[in-house]
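# Understanding the architecture of this molecule
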Amino acid sequence: MTLAVSLDTTTPLDDARLQLRDAVESLGLGESVYEQLAHARREMSVGVPLRRDDGSIELLLGYRVQHNSSRGPTKGGLRYSEHVDLDEVRALAMWMTWKCALLDLPYGGAKGGVTLDPTRYSVAELERVTRRYTSEILPILGPERDIPAPDIGTDEQTMAWMMDTYSVASGYTVRGSVTGKPVSLGGSLGRATATSRGVVHVALAALASRGIDATRATAVVQGFGKVGRHAALFLHQAGTRVLGVSDRYGAIHSATGLDIDAVGRWVDLHGSIVGYPGADAIDPATLLELEADLLVPAAVEGVITADNAPRIRARVIVEGANGPTTGAADEILEAADVLVVPDILANAGGVVVSYFEWVQSNQSYRWNLDLVESRLEERMRDAWDTVSAFAAVHHTTLRRAATRLAVQRVTEAHQSRGLYP
Ligand code: GLU
């Protein structure tokens, strides 16, 4: 028997802090800037007692971390997963600060999480968890304080319950208290597919920068949920052959390219890509190593590691998920000249349209889909141009370029405001 020993020794929070360390040093900022940005401004840990449908009571743990608010109210998703812990939420909150700054949104970064596997709870139980968690963190929420949105394991229904709980406590309906809510409650047109749209805008620009024509390119997408499913579909619609996709239950491959519309219909009927008749089932672990021009990891963090990075054959990686590449893997990919488009740029489309939704909710006004999508495309292309130009001038990776730009913007805001008292 061989024991698999991971070569990655860092956690997502370690990686986030190492990225910050590099940015602070290369920008010539002092140690106190690092210290202030390495730690969140506000963190709340809460116990969330849940009455199960059978009458028993279970105590769940929840968190909300507000990393930085120098540029505005804090913004970021709420995650329901059995892997959630405070350090993971801290890393994700820091990345939200950089993402919002990079896209020039008037927000700081935050993240929330409850440690639970949502597939093990009924809808009624999830509603009770959401309402109780929202009540526990109510003092630090609000449209001008901190605005949640969906993330892994949560969706527009979760946001509807949060908005309702917040509104009941306020005594009036506060549409701007969450984003990613149903369109019938003031959700934005185009929000549900915004992250995927943004991933594909950036992917097409990244492929072009490497001289690869999207209509001749091949791609592999890990994850077939909120981000991966539509990223695969929009790539397919752009003429890219999607050779493989996976979900939490399995992975499928077709050498000639998958019909992503048909895969989507199969998932709607069966709840998973597993068993899809037009492709071969493959080991999900080998999906990332398939020969393709483009790899889109759109599931969870820490999937591209020092163990598998040497076997990755894609020339361009576009991070649909937050933190899918470990720090050690990043170095291996850099040495192999793989272009990695970092999460804080690649998957920012979601929070960009969250911002559009918040603006619409606060103004009680609806934008049409064309307006949302054209403004999203403009923001994503501008951010791509800014980051890739910075990386070229400074001879560095897109991740370092993006983090430095973001840290610079946050620091400028912080320094202009000055320190109180
Ligand atoms: N959870 C998404 C992210 O990680 C969206 C956050 C938001 O819209 O506030 O970017």
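Residues numbered from 1 in each chain as written. Predicted model: local features only at pLDDT ≥ 70, side-chain atom pairs only at ≥ 80, totals over all residues. Heavy atoms only, no water.

What follows covers the overall build of the chain. Summing up its helical and strand segments, the chain has 14 helices and 12 strands in all. Here the C-alpha atoms of the chain give a radius of gyration of 21 Å, agreeing with the 22 Å that 2.2 N^0.38 yields for 421 residues. Along the three orthogonal principal directions, the C-alpha set of the chain runs to about 55 × 55 × 55 Å. Taken over 421 residues, the chain has a buried fraction of 57%. In the chain, of all internal contacts separated by at least 6 residues, the share reaching a separation of at least 24 is 67%. As displayed, the chain has an accessible area near 17,700 Å², and 51% of this comes from carbon and sulfur atoms. Taken together, the 41 basic and 52 acidic charged side chains of the chain have centroids lying 5 Å from each other. (Helix = DSSP H or I, 4+ residues; strand = E, 2+ residues; numbered from the N terminus. Rg over C-alpha atoms; globule rule 2.2 N^0.38 Å. Buried < 20%, exposed > 50% of the residue type's maximum accessible area, 1.4 Å probe, protein only. Contact = heavy atoms within 4.5 Å. Areas by Shrake-Rupley, 256 points an atom, 1.4 Å probe, with all protein chains shown as cover. Lys, Arg positive; Asp, Glu negative; His and termini not counted. Charge placed at Lys NZ, Arg CZ, Asp CG, Glu CD.)

Bringing the pairing of strand 1 (residues 42-51) into the picture now. Examined bridge by bridge, strand 1 and strand 2 (residues 57-68) share 10 bridges and lie antiparallel to one another. Directly across from Arg42, in strand 2, lies its bridge partner Gln66. Hairpin connection, strand 1 to strand 2: the antiparallel pair is bridged by 5 residues, and Gly55 has positive phi, about 95°. (Pairing = 2+ DSSP bridges.)

Turning next to the environment of Ile312. When you line up the elements, Ile312 lands in the loop between strand 10 (294-297) and strand 11 (316-318). Sequence separation between Ile312 and Val340 is 28 residues; the distance between their C-alpha atoms is 12 Å. Filtering out sequence-adjacent residues up to four positions away, Ile312 remains in contact with Leu288, Leu295, Ile304, Ile317 and Leu333.

The full set close to the ligand counts 14 residues, and Lys75, Lys99, Pro150, Asp151 and Ser354 are the nearest of them. For the ligand, an oxygen atom lies 2.8 Å from a polar atom in the side chain of Lys75. Measuring from an oxygen atom of the ligand, one finds a side-chain N or O atom of Lys111 at 3.1 Å. In isolation the ligand exposes 300 Å². Once the protein is present, 94% of that is buried. Contributions of two or more residues to the shell around the ligand are made by strand 3 (74-81), helix 3 (86-102), strand 5 (146-150) and helix 12 (349-363). Considering only residue class, the shell around the ligand consists of 4 nonpolar, 5 polar and 5 charged. (Near = heavy atom within 4 Å. Polar contact = N/O pair within 3.5 Å; in protein donor to acceptor, adjacent residues only side chain to side chain. Nonpolar A, V, L, I, M, F, W, Y, C, P; charged D, E, K, R; others polar.)

In this fold, Asp117 is placed in the loop between strand 4 (108-115) and helix 4 (123-137). Of the side chains with opposite charge, Arg248 lies nearest to the buried Asp117, which makes no salt bridge, at 4.2 Å. Reaching out from Asp117, the side chain makes a polar contact with the side chain of Thr119 at a distance of 2.7 Å. (Salt bridge = Lys/Arg side-chain N within 4 Å of Asp/Glu carboxyl O.)

The next thing to look at is the confidence of the model for the chain. Across the chain, the average pLDDT comes to 97, with 99% of residues at 70 or higher. Ranking the elements of the chain by mean pLDDT puts helix 9 (residues 284-287) last, at 95, and strand 5 first, at 99. (pLDDT = per-residue confidence, 0-100.)

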